[in-house]
Amino acid sequence: MIIAEVKDLVKKYPSFELKSVSFALESGRITGFIGRNGAGKTTTIKSMLNMIHPDSGMIRFFDSPLTGNEAKIKKRIGYSAGTISWYPRKKIRDIVDIVKRFYDTWDEAEYRKYLELFSIDETKTPLELSEGMKVKVNLMLALSHRSEVLILDEPTSGLDPFSRNELLEIFTDLKNEGVAVFFSTHIISDIEKCADDIVYISQGRIVAAMQKADFIRQFSVAGESLEYTMLRLEGGAVHA
């Protein structure tokens, strides 16, 4: 079932443009959003959440347009953009007390589960945490209110290989519960491990939005890794 849809999204800047970006996310599937730095991944994600205002296009969640339904829709979405930078001197537990007031779906048991799983000390402040632990705190907040869609911008950035693998396993558990997981990354091995679908953006336009197996059949040479496929494509093979 399609749970989110982006159609003909355009955002123009003096030196960059999103060019009619279109793709859809399905419940119970993990979608990897890939492309080199500056390709438009973060601009697309921020547009999906109305954190920046696109020039044109349509964004829908749960069969409703984001425009006019933003507050209701965002209660059903979990979002993380890597590290946290707000309230740097407040204890984690105080930050949580503020955040959970915005979600009537906040699940204290889930919060406690991820607090333990990620080995987070809620008496510490963000200033006392490593970059990797900051990522985990933000993910914990995104996962603790029973989100139906997870939208994550570089969620594995700053994590050690063990923690990254742990997080990918969590993604798989969530998809088995029917959650749609959409995450951008430049770590292609993470896509190989867990993604069902791939959205590939290059220079502001979508090159492919399809199942991972179909992407490999269409773009990969026999025997090469997905990472090498991406390196070859970014070398100019797909650019118009």
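Residues numbered from 1 in each chain as written. Predicted model: local features only at pLDDT ≥ 70, side-chain atom pairs only at ≥ 80, totals over all residues. Heavy atoms only, no water.

**Points about the packing of helix α5 (residues 131-143) against helix α6 (residues 161-176)**
Viewed as axis vectors pointing N to C, α5 and α6 meet at an angle of 10°, and their least axial separation amounts to 13 Å. It follows that α5 is roughly parallel to α6 by the angle criterion. Contacts between α5 and α6 involve Lys136, Leu139 and Leu143 on the former and, on the latter, Ser163, Glu166, Leu167, Ile170 and Leu174. Of the residues that constitute the contact of α5 with α6, the class distribution is five nonpolar, one polar and two charged. (Axes fitted to C-alpha atoms, helices over the stretch in contact; angles between N-to-C directions. Helix = DSSP H or I, 4+ residues; strand = E, 2+ residues; numbered from the N terminus. Parallel < 35°, antiparallel > 145°, perpendicular 65-115°, else oblique. Contact = heavy atoms within 4.5 Å. Nonpolar A, V, L, I, M, F, W, Y, C, P; charged D, E, K, R; others polar.)

**Side note on unusual backbone geometry**
Residue Asn50 is not a glycine yet carries a positive backbone phi of 60°. On the accessibility criterion, Asn50 (27% relative accessible area) is partly exposed. Phi is positive for Phe62, close to 55°, though the residue is something other than glycine. Topologically, Phe62 is positioned in the loop between β4 (56-61) and β5 (64-65). (Buried < 20%, exposed > 50% of the residue type's maximum accessible area, 1.4 Å probe, protein only.)

**Let's talk about the pairing of strand β10 (residues 205-211)**
Bridging between strand β9 (residues 197-202) and β10 involves six bridges; their strand directions are antiparallel. Looking across to β10, one finds that Ser202 is bridged to Arg205. Between the end of β9 and the start of β10, which pair antiparallel, lie two residues, with Gln203 showing a positive phi angle near 50°. (Pairing = 2+ DSSP bridges.)

**Observations regarding the pattern of salt bridges**
Scanning the model with the defined rule gives 16 salt bridges in all. A salt bridge links Lys175 to Asp196, with the shortest nitrogen-to-oxygen separation between them at 2.9 Å. Taken as a pair, Lys175 in helix α6 and Asp196 in the loop between α7 (188-194) and β9 lie far apart in primary sequence, 21 residues in all. For Asp214, the salt bridge goes to Arg217, with nearest N and O atoms at 2.2 Å. Of this pair, Asp214 and Arg217 both sit in helix α8 (residues 212-219), three residues apart, which is roughly one turn of the helix. Look at Arg217 and you get exposed, because its relative accessible area is 61%. Connected through salt bridges with shared partners, the residues Asp97, Lys100, Glu108, Arg112 and Glu122 form a single ionic network. (Salt bridge = Lys/Arg side-chain N within 4 Å of Asp/Glu carboxyl O.)

Spatial relationships are all this shows, so hold off on functional conclusions.
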